[in-house]
Amino acid sequence: MSGHYVARRFATAAFTIVLIVLINFVLFRAMPGSPERVLARNPNVTPELLAQTRARWGFDKPLFPDQFVRYVAATAQLDLGYTFRGRPVADVLAQRIWPTVLLFGLGEAIAIVVGLALGAYSGWRRGGPIDLVGNGVSLLLYSTPYFLLGMALLLIFATGLGWFPTFGMSTTGATFANPVDWLIDVLRHLALPLTTVSLGLIGQYAIVMRSSIIETLSEDYITTARAMGLRDGRVLRRHALPNAMLPTVTLVAINLGYVVAGAITVEVVFNWPGLGTLTVDALASRDYGVLQGVFLLLSVAVVLANLAADLVYGLFDPRVRA
Amino acid sequence: MHVPQRGRAFRLLAAMGLAISAVLPGLSASAAEGDVLVLKGGTDQKAETLNPWHSVTVLDYEVFTLNYDLLVGFGQNLEPVPGFAESWSSSADKMTHTFKIRPDMKWSDGQPATAEDARWTYQLVLDAVASEAGYIGSGYLEPYLTNAGIASVTAPDPLTLEVKTEFPTTLLTQAYVPILPKHIWEKYTLEQIGNAEAEGFFVNEPPVVGTGPYTAVEWESGQFIRFERNENYWGKQSAAAEVILETFADSNTMVEALKSGELDYIRGVGADQFDALANEPNIATAEGFANGYSYLSFNTKGNTEGYGGSTSALADVAFRDALGYAIDNARLVDATLAGHGVVGNTNIPPYHKDWHVEPANPRKFDLAEANRRLDAAGYTRGADGKRVDKEGKAITLRLTWPDSEAEMATNGQFIQGWFAELGIGVEPAVTEEGKLLDDLLGPPDGEANWDFYMWGWVGDPDPMSLLSFFTTGALGGSNDSFFTDPEYDDLFAKQQRAVDATERKGYITRMQEIFYEKAPYHVLYYDSELHAYRTDRFGGWTNQPPDSGTPLFGYGPIGYTVLTDASAAPSPGPSASAAVTPAPSAGGGGTSTGASDSTLLIALGVAALVVIIGVGLIAMRRRTVTREEE
Amino acid sequence: MSASVTTPDAFGDVPARRRLASSGDLFRRLLRRPDGLIGVVILVTFGLLAVGPDLLVGPLQTAVTAVGPRLSPPSAAFPLGTDELGRSLVNLTAHATRISMVIGLLATAITVGIGALLGIVSGYVGGRTDAAIMRVADFFLVIPTFVLAIILTSIIRDLAGSGAREVFGIRFGLIAIVVVIGITSWSSTARIIRSQTLSLKERAFVDRARAVGAGNLHIMRRHILPNVINLIVANAVLVFAGAVLTETTLSFVGLGDPFQPSWGQLLDASREVGAPSLGAWWYFVPPGLCIVVVVFAFTLVGGALDDLLNPKRRQRR
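For the rest of this paragraph, the subject is the overall build of chain A. Within chain A, the secondary structure is distributed over 13 helices and 0 strands. Starting at the N terminus and ending at the C terminus, chain A contains elements arranged as α-α-α-α-α-α-α-α-α-α-α-α-α. For chain A, with 322 residues in total, the buried portion stands at 51%. Residue pairs in contact within chain A that sit at least 24 positions apart in sequence constitute 72% of those at least 6 positions apart.

Structure follows, in structure tokens:
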């Protein structure tokens, strides 16, 4: 992996983050509604008080450069402003990020392992029974919005059969005798949302991996390897798989941005206390400060994940390495 | 990449998955709660503050009345009962009010609670009102004292609090202001208490120190607050050793959690869910009158100078009156609220049973009558059947509502349909809440560029705030219809100073008549409060007030303190709730389908879909493969 | 919610002969494949439903014109039951088909329009223009467009004013969603078209055109565009699937319009009224099934077109 390649990746990531911060500034100014609205529907507030507050909130400084400089400085110090109800956005995000990381980290891990395995096998045995069923199911899962899948699982396994709790990440207020009990409690809460996330992602990854394998198998060197009499399994593992993995790794990283949409709806269905529920709550209460913060946090996270994927890609792809 | 390793990792994961799936279903739900009886409540509102000055929602109020005492509390019938003060009296002129504080009362941290704490709290409000900002926190609490005309407050001795007011009043016993521990709060400046964005803001992190029946000991902002019993509480202790109030983004999840026993009480259920819950075992429902209403407000200044209404007709009482005959309030209650509400008329909801009066000549839904009145008022139909205003312009009204009130869209469909029969066009569209607030502003801050819109108001224990929205003094504030009437203004001032209830009732009656006749609003309905709770863990649920309230989320913590352990003594059952709960509307039938039925159906549906598509795929792939291999 | 089931690099160099094959030829070959045929049949069925719901089920029922009981299960009079206003789910689902398909179509047109234009320009002009466009494309490819879409929808509605006006028979509030989907999802199209343009640029016929003095604009319009049109169509099909899913999710979080219910709006309405906990499956199963089946069909057709246009996958058999 050449220094030039690494430098370029870092430059791209930095550029994207700058663009994100810029866009965030523009969006923040364009948001509808004014900050005094917490007072505006208060039946007891006098008109004088309202007028006074409006004047106080009016942006006294010009948009550029003063406000922009202040915004950039604050963002650089991870000061993301305040929620509608006056809590620091950064605190709220810090509190909500870990449940999402847990749910989607595990979901991604399971989906990558199962999805890629299923996709690879389907592509390898194209037209075989596993491929037919697997590809059909993958397409079907890909076509199903996460929240539909989640609602179905919730109704069947939590409400209908009562196997799992219906909401949250752990039993609120429960005290546990030992860490194992706590872990089991969390796992029981995790089971259904995690299944939903994994199933949704498995469909996508299997489809991509399958087509990637099919493509790789048509490459000359595979044909050559086969012609040389190498066993099929060995060809798959030693040659086809590593090469087919590469575009898929990139896609998994790029996909993170799309996964967010699924995250939002799955978390709402299961009342999972993560960034998705936070986003929908913020949308419902028109808490744009929080929406901005979520956007900034997720964007930067996805950019960094992509950067990591690019670097990994660079490590393994001989063309890049050269 | 070493392939064998990857294979191992895969096997390991698979094994873990198997192990997890084998373990999970076998476990019981009661992880480890010991013998402590915990009351778990669910709500659609977010637990966002422990600092009472920043309260906005019903949940916020519930939280601070659990933590703290009001000077005078609210009883089972909303009557004044001892709170932080044991007794109270007023001078003959009703301008000096003396409160006797309970002796030997202690804060939850063991410090003595005295009149000095109450004085400090009330003085904080006086300081805030006199400050540059003019309010504190969200601005919701201090009006309870300023509306009563509070002038000064002193504590001549540890057991006596004396409050002087600018005019005679009886409102101090209704003041919804929590008494705070001075020894905790005095360390912070007014700015640090009142402004959440200030340096060193006082969050009031748990454990909260108060004199209320519970103290908050754990808080995940936006998610839940956990309370433990305050062992120093002066009053009756409840059977619940702990209370948890938790936020739900989706009411379906909340209802399921109540059914499965993961929750004991829920507030914020849909009307259809409420009806269905009434048939569930061990679950009771409570339908309370809400202290508020949903309304249709007119831009009563029409298109006069500085106002952006689309037609002069909006400013005409006869026009607004005629439209009232084209609104079928009963149908709206049925469709939008599934029957869980009361047809609206005046600006004081029937919840205030001492103050509400029914209009003498209520408008009945009658499109012919509406048409006749429009004709009589001079709004004739053009050649195309459209009504024209006095300037000869076809009338098309823009109807809007805030996006926070999604169900208003249903009312919008009805109003569009009914007004079409009058030859009046309606363009319904939702508006983002913050933008709507800006749009509504009249001169000098805004252009009032709107025709009519729908929203709701929630009132206080006293009807004062609900009456204030139509006064000249509230223009530029809560007077969102720009309605002004000299007689109404005069009556408002009189009722504020009337200390005799009968005299005040007279003024308020006339105010409601003016409101209904002049029709700045058409009150669409008084929506009900819909709550549901389990009866198998706790007993003693009592509605506040008994005939028209709900057990919890009323006024003050009394509903919590009367709870009993249902396993200890058989519950008498939901005594009062049945009386107020109307039978589910007969039209339904569908709602009786049990959840297990639907589970089965969904499972079958999904399975069928998978099979159909799978078979199709296999069939066609097989053909593809065969043909392409030829 | 991926609009990029195809890897951006899946399209290699296309031999000149097939590149020049007509779209009609491509369509015939698509119909000869069973997956293509099934997908097209499903899509044509829904397309017909979308064109004339009035003819089949009458005008969209409103709160005023509804006649059924509240939330009644399927019966002879109401084959798919009714919603909380007593409207027939048959009527609602049919009209929602129209709304969802029109939103999908418009959003796809914008997405593919922007993507193809920028892709061709980027690939043909090259240099700094190419670099700049591709940086922006990368930006939209990686950022979580859904959160951006939520924020943008609010802003566009704020700027655009009253949501009651109609464009293409769609209320303005929904047009905001269309525009937002278009703005946020063009980048994968641009990348695909760009890489194809890059290879076309080196072809003899482009050189010949340049030799006889044709301008860049002329070459892009007359020589490049016709040769990437098949690719654009194949991509549009996949974009459509993504657009339907995105619209559904946006509506599900409450950004739809109850005056023009789409499938996603129906799902949101069913959740609001508590249909899942009421067991009122007939409220959310029909729109849910429609979404799954239509997205499935689009993905089938898209995959099939992808196969047909991709020489590597064909060779291998």
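Structure shown, so let's carry the discussion forward.
Moving on, we come to the overall build of chain B. In terms of helices and strands, chain B carries 19 helices and 20 strands. Put simply, chain B has 630 residues, and 52% of those count as buried. A sequence separation of at least 24 residues applies to 69% of the contacts in chain B between residues at least 6 apart.

Another aspect to go through is the nonpolar core. Soluble globular proteins tend to pack their nonpolar side chains together in the buried interior. Core analysis: the largest hydrophobic core is formed by 346 residues, its most contacted members being Leu291 of chain A together with Val147 and Phe298 of chain C. Top element by residues in this core is helix α10 (residues 232–269) of chain A. It accounts for 21 residues. In this structure, phenylalanine 298 of chain C is in contact with Leu43, Val237, Leu238, Phe240 and Ala241 of chain C, ignoring residues within four places of it in sequence.

The next subject is the packing of helix α3 (residues 34–51) of chain C against helix α14 (residues 281–309) of chain C. Residue and element names in this part refer to chain C. Interhelical geometry of α3 versus α14 gives an angle of 140° and a closest axis separation of 8 Å. By the angle class used here, α3 and α14 are oblique. The chirality of how α3 crosses α14 is left-handed. From α3, Asp35, Gly36, Ile38, Gly39, Val40, Ile42, Leu43 and Phe46 reach across to α14, where they touch Val293, Val294, Ala297, Phe298, Leu300, Val301, Gly303 and Ala304. Looking at the contact of α3 with α14, its residues break down into 12 nonpolar, 3 polar and 1 charged.

Once that is clear, we can look at unusual backbone geometry. Residue and element names in this part refer to chain B. Cis rather than trans, the peptide bond between proline 206 and proline 207 has omega equal to 0°. Tracing the sequence through the fold places proline 207 in the loop between α6 (190–194) and β8 (214–220). Cis geometry is found at the peptide bond from glutamine 544 to proline 545, where omega equals -5°. Mapped onto the secondary structure, proline 545 falls in the loop between β19 (538–539) and α17 (558–561). The phi angle at alanine 448 is positive, at roughly 50°, despite the residue not being glycine. With respect to the helices and strands, alanine 448 occurs in the loop between α13 (433–440) and β17 (452–458). For alanine 448, a count of 22 C-beta atoms within 10 Å puts it in the buried group. A positive phi angle, near 50°, is found at alanine 519, a position not held by glycine. Tracing the chain through its elements places alanine 519 in the loop between α16 (501–518) and β18 (521–534). Look at alanine 519 and you get buried, because 22 C-beta atoms sit within 10 Å.

Let us now look at the pairing of strand β10 (residues 242–247) of chain B. Residue and element names in this part refer to chain B. For β10, a buried count of 5 out of 6 residues is recorded, marking the element as mostly surrounded by other parts of the structure. Of the strand pairs in this sheet, strand β1 (residues 38–43) and β10 are connected by 6 bridges, and their pairing is parallel. What sits directly across from threonine 43, in β10, is threonine 247. Inspection of the sheet shows strand β9 (residues 224–229) paired to β10 by 5 bridges, in the antiparallel sense. Considered in β10, the bridge of glutamate 228 is made with glutamate 242.

Residues and elements named next belong to chain A. With 38 residues, α10 extends just 45 Å between its outermost C-alpha atoms, more than 12% less than the 56 Å of an ideal straight helix rising 1.5 Å per residue. The largest bend along α10 reaches roughly 45° and is located at glycine 257. By the criterion of burial, α10 is predominantly enclosed, with 28 of the 38 residues buried. Directly beyond the C-terminal end of α10, a positive phi value near 50° is found at asparagine 271.

Looking now at helix α5 (residues 89–124) of chain A. The end-to-end C-alpha distance of α5 of chain A, which contains 36 residues, comes to 49 Å, matching closely the 52 Å that a straight helix rising 1.5 Å per residue would cover. Residue arginine 96 of chain A marks the point of greatest curvature in α5 of chain A, where the axis turns by about 30°; the proline proline 99 of chain A follows within four residues.

Now for the packing of helix α7 (residues 145–160) of chain C against helix α8 (residues 172–184) of chain C. All names here are of chain C. Direction vectors running N to C along α7 and α8 enclose 140°, while the axes themselves pass 9 Å from each other. Of the possible angle classes, the one that applies to α7 and α8 is oblique. Like other packed secondary-structure pairs, α7 and α8 cross with a definite hand, here right-handed. In contact with Thr145, Leu148, Ala149, Leu152, Thr153, Ile156, Arg157 and Ala160 of α7, α8 contributes Phe172, Gly173, Ala176, Ile177, Val179, Val180, Ile181, Ile183 and Thr184. Of the residues belonging to the contact of α7 with α8, the class tally is 12 nonpolar, 4 polar and 1 charged.

Residues and elements named next belong to chain B. Scored by pLDDT, chain B has a mean of 84; 84% of the residues are at 70 or more. In this model residues 619–630 is a low-confidence stretch, pLDDT under 50, and it forms 10 contacts with partners more than four residues away in sequence or in other chains. Scoring of the predicted complex yields 0.84 for pTM and 0.82 for ipTM.

Residue and element names in this part refer to chain B. Read across the open sheet, the 4 strands follow the order β4-β5-β7-β6; overall the sheet is antiparallel. Of all the strands in the sheet, the pair left with one neighbour each is β4 (85–90) and β6 (150–157). Adjacent strand axes in the sheet meet at a mean angle of 20° when their direction is disregarded. Pairing geometry for β6 and strand β7 (residues 160–165), over 5 bridges, is antiparallel. Its bridge partner being in β7, isoleucine 150 is matched across the sheet by threonine 165.

Time to look at the environment of methionine 169 of chain A. All names here are of chain A. Here methionine 169 is to be found in the loop between α7 (146–160) and α8 (179–217). The exposure class of methionine 169 is buried, given the 22 C-beta atoms found within 10 Å. Between the alpha carbons of methionine 169 and aspartate 220 there is a distance of 50 Å; along the sequence they are 51 residues apart. Methionine 169 has contacts with Pro99, Val186, His189, Trp272 and Pro273, leaving out every residue within four places of it along the chain.

Bringing the pairing of strand β5 (residues 96–101) of chain B into the picture now. Residues and elements named next belong to chain B. A one-sided burial pattern is seen for β5, the buried positions being His97, Phe99 and Ile101 and the unburied ones Thr96, Thr98 and Lys100. Here β4 runs beside β5; their pairing, made up of 5 bridges, is antiparallel. From the neighbouring strand, serine 90 faces β5, where its bridge partner is histidine 97. Hairpin geometry of β4 and β5 is characterised by an intervening segment of 5 residues between the two adjacent antiparallel strands and by a positive phi of about 60° at lysine 94. By the bridge criterion, 5 bridges tie β5 to β7 in an arrangement that is antiparallel. By the bridge assignment, lysine 100 is partnered in β7 with threonine 160.

Tracing the backbone shows threonine 144 of chain A in the loop between α6 (129–143) and α7. For threonine 144 of chain A, a count of 24 C-beta atoms within 10 Å puts it in the buried group. If sequence neighbours within four positions are ignored, threonine 144 of chain A has contacts with Leu149 of chain A together with Val292 of chain C.

Residue and element names in this part refer to chain A. With respect to the secondary-structure elements, serine 122 resides in helix α5. Exposure remark for serine 122: the 25 C-beta atoms within 10 Å place this residue in the buried category. Along the backbone, serine 122 and phenylalanine 164 are 42 residues apart, and their C-alpha atoms lie at a distance of 32 Å. Beyond its immediate stretch of four places on either side in the chain, serine 122 contacts Ile130, Asp131, Gly134, Asn135, Ala206 and Arg210.

About the criteria used
Residues numbered from 1 in each chain as written. Chains lettered and ligands numbered in written order. Predicted model: local features only at pLDDT ≥ 70, side-chain atom pairs only at ≥ 80, totals over all residues. Helix = DSSP H or I, 4+ residues; strand = E, 2+ residues; numbered from the N terminus. Buried ≥ 20, exposed ≤ 12 C-beta atoms within 10 Å, placed from the backbone. Contact = placed C-beta atoms within 7 Å. Core = buried A, V, L, I, M, F, W, Y, C linked by C-beta atoms within 7 Å. Axes fitted to C-alpha atoms, helices over the stretch in contact; angles between N-to-C directions. Parallel < 35°, antiparallel > 145°, perpendicular 65-115°, else oblique. Left-handed = near helix turned anticlockwise from the far one by under 90°. Nonpolar A, V, L, I, M, F, W, Y, C, P; charged D, E, K, R; others polar. Pairing = 2+ DSSP bridges. Expected span 1.5 Å × (residues − 1). Bend = angle between axes of the 7 residues up to and from the residue. pLDDT = per-residue confidence, 0-100.

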